[in-house]
Amino acid sequence: MDDMFSTLKNVLKPYEPDFQVKRDAADNYYLETVKADGTPEMFAAVQIKKSYVSFHLFPVYLEPSLLDEISDALRKRMQGKSCFNFGPKHIIPVDDMTSLVAQCAAFSKKR
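Residues numbered from 1 in each chain as written. Predicted model: local features only at pLDDT ≥ 70, side-chain atom pairs only at ≥ 80, totals over all residues. Heavy atoms only, no water.

### Side note on the side chain of E32
Logical step 1: Here E32 lies in strand β2 (residues 28–34).
Logical step 2: Look at E32: it is buried, it has no salt bridge, and the nearest opposite charge is K22 at 4.1 Å.
Logical step 3: E32 has contacts with F19, Q20, K22, P40, E41, M42 and F43, leaving out every residue within four places of it along the chain. (Helix = DSSP H or I, 4+ residues; strand = E, 2+ residues; numbered from the N terminus. Buried < 20%, exposed > 50% of the residue type's maximum accessible area, 1.4 Å probe, protein only. Lys, Arg positive; Asp, Glu negative; His and termini not counted. Salt bridge = Lys/Arg side-chain N within 4 Å of Asp/Glu carboxyl O. Contact = heavy atoms within 4.5 Å.)

In structure tokens form, the structure reads like this:
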């Protein structure tokens, strides 16, 4: 699980200059943005759970069309509207995640 967490965290690390690191622990990494009115808003998070690693990407909740172009492999990992779960036997589609996060970052910056 630590390897999966690290892989997914590394997808988000390049965005630290653009977003605030709210949590950076061994099992929980959380990036936050600030809305135009000054209130904080989640951007993305990676968390180690009991039997999987979850990757939360809040912009896809706000703008579901960001998911229109994701791969089937990534879509199969979706749980709910803005969460992707990866268990020990799953392969993380890193290129797909990286692309989706880039689109979400661009969306968040426009807001």
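### Some points on the packing of aromatic side chains
Logical step 1: A full pass over the atoms with the stated rule returns three aromatic pairs.
Logical step 2: Centroid distance F19 to F43: 4.1 Å. Interplanar angle 10°. Geometry classified as stacked. Within this pair, whereas F19 is found in the loop between α1 (2–12) and β1 (20–24), its partner F43 is found in strand β3 (residues 40–48), the two being separated by 24 residues in sequence. Exposure class is identical for F19 and F43. Each is buried.
Logical step 3: Judged by centre distance (5.5 Å) and plane angle (25°), the rings of F58 and Y61 are stacked.
Logical step 4: Residue class for Y61 comes out partly exposed when judged on its relative accessible area of 43%.
Logical step 5: An aromatic cluster is present here, built from Y15, F19 and F43 joined pairwise through their rings. (Phe/Tyr/Trp six-rings, centres within 6.5 Å; stacked < 30°, edge-to-face > 60°.)

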